[in-house]
Amino acid sequence: MARLIWVQGLSHRYGADTDHEILALDNVDLEIEAGEFVAIIGHNGSGKSTLAKHLNALLVPSQGKVVIDSLDTADEKNLWEIRRRAGMVFQNPDNQLVATTVEEDVAFGPENLGVEPSRIRERVEQALSAVGMSDFQEHAPHLLSGGQKQRVAIAGILAMRPICLIMDEATAMLDPAGRAEVLETVRRLNREEGITVLHITHYMEEAVGADRIVVMEAGRIVMTGTPAEVFQRVDELKAMGLSVPQAAELADRLRKRGVQVPPDVITVEELVGFLCR
């Protein structure tokens, strides 16, 4: 796979040149390949959201470089194209809903890109179909459930034909059913449409389904690997104030008691399968 995102030596300071300067990112290096599903985890203040904003060019580096699909985020003339290619879904879907009907909301992005009206209709229909919201196109967004609102927000991004979807704790305000709706939608888009996904989350169970997990602490990337590689390091994660999936924690406790649980057992289904054998 080709490299889609390249972050080299990225540092970011809030309040630079003041007495209250905060180093939010500290010399971060990261590469994301096209079509990858990457989960980024870490406790509050670890730098996750600051990193996400750099990947959408909402922030520019204090030091270092961020390149999205060969476009340097520090170059102002690249901003619109970067934001078209790397769409961001935020924590509160109400902050991204701007119109009185679902179809008008999804059409907002393509209209601002100057897409022809006949093509906008096609894009809106395709985007709503992709997120399973075709039957709601005439509905008022504010009457939808949280999960439905977030799916409409994702459709609004999809209508701009991005190649990367950045989820900045986009499931944090949803109930379990809403989180499941949104995650299933995003996984299907990644699997079937080949859209690269960066999912920033507090929920360890959501990270289990990623291709790769990146762990952040104090503005640095301190751990990276497959879910199995990361979640078998239970003691290290807990030392950083992070939880682990319940099945992974139980598997770790069993290993410490002498049960030879394979290191790649991190989900309930995998653990049940092992124990039943």
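Look up: the structure comes first, before these words.
Residues numbered from 1 in each chain as written. Predicted model: local features only at pLDDT ≥ 70, side-chain atom pairs only at ≥ 80, totals over all residues. Heavy atoms only, no water.

Looking at helix 4 (residues 117-130)
And step 1. Here helix 4 is 14 residues long and its end C-alpha atoms lie 20 Å apart, about the 20 Å a rise of 1.5 Å per residue gives.
And step 2. Among all positions in helix 4, only I120, R123, V124, A127, L128 and A130 are buried. Angular distribution of buried residues about the axis of helix 4 spans 150°; they occupy a single face of the element.
And step 3. Those residues of helix 4 that are buried lie in contact with helix 3 (102-112), helix 5 (146-158) and helix 6 (176-193).
And step 4. Residue G132 follows helix 4 closely and has a positive phi angle near 70°. (Helix = DSSP H or I, 4+ residues; strand = E, 2+ residues; numbered from the N terminus. Expected span 1.5 Å × (residues − 1). Buried < 20%, exposed > 50% of the residue type's maximum accessible area, 1.4 Å probe, protein only. Arc of directions from axis to C-beta. Contact = heavy atoms within 4.5 Å.)

A few points about the packing of aromatic side chains
And step 1. The final tally for this structure, using the stated rule, is zero aromatic pairs.
And step 2. The ring of W6 carries R3 above its face, with NZ or CZ at 4.6 Å from the centroid.
And step 3. Across from the ring centre of Y203, 4.0 Å away, lies the NZ or CZ of R179, which sits over that ring. (Phe/Tyr/Trp six-rings, centres within 6.5 Å; stacked < 30°, edge-to-face > 60°. Lys NZ or Arg CZ within 6 Å of the ring centre and 35° of its normal.)

What about the environment of T224?
And step 1. Mapped onto the elements of the fold, T224 is located in strand 10 (residues 220-225).
And step 2. Sequence-distant contacts of T224, that is, excluding residues within four places in its chain, are made with R212, I213, V214 and V230.
And step 3. At a separation of 3.2 Å, a polar atom in the side chain of T224 contacts the main-chain carbonyl oxygen of I213. (Polar contact = N/O pair within 3.5 Å; in protein donor to acceptor, adjacent residues only side chain to side chain.)

A short note on the sheet that holds strand 7 (residues 164-168)
And step 1. Taken in spatial order, the six strands make up an open sheet running 6-7-8-3-9-10, and their pairing is mixed. The open sheet is flanked by strand 6 (86-89) and strand 10, the only strands paired with a single partner. For this sheet the average axis-to-axis angle between neighbouring strands, irrespective of direction, equals 20°.
And step 2. Set on the sheet, helix 5 makes contact with strand 6 and strand 7; between it and strand 6 the angle comes to about 165°.
And step 3. Packing of helix 6 onto the sheet brings it into contact with strand 3 (37-41), strand 7 and strand 8 (196-200), and relative to strand 8 it is tilted by some 150°. (Pairing = 2+ DSSP bridges. Axes fitted to C-alpha atoms, helices over the stretch in contact; angles between N-to-C directions.)

Any functional reading would require information beyond the geometric quantities listed.
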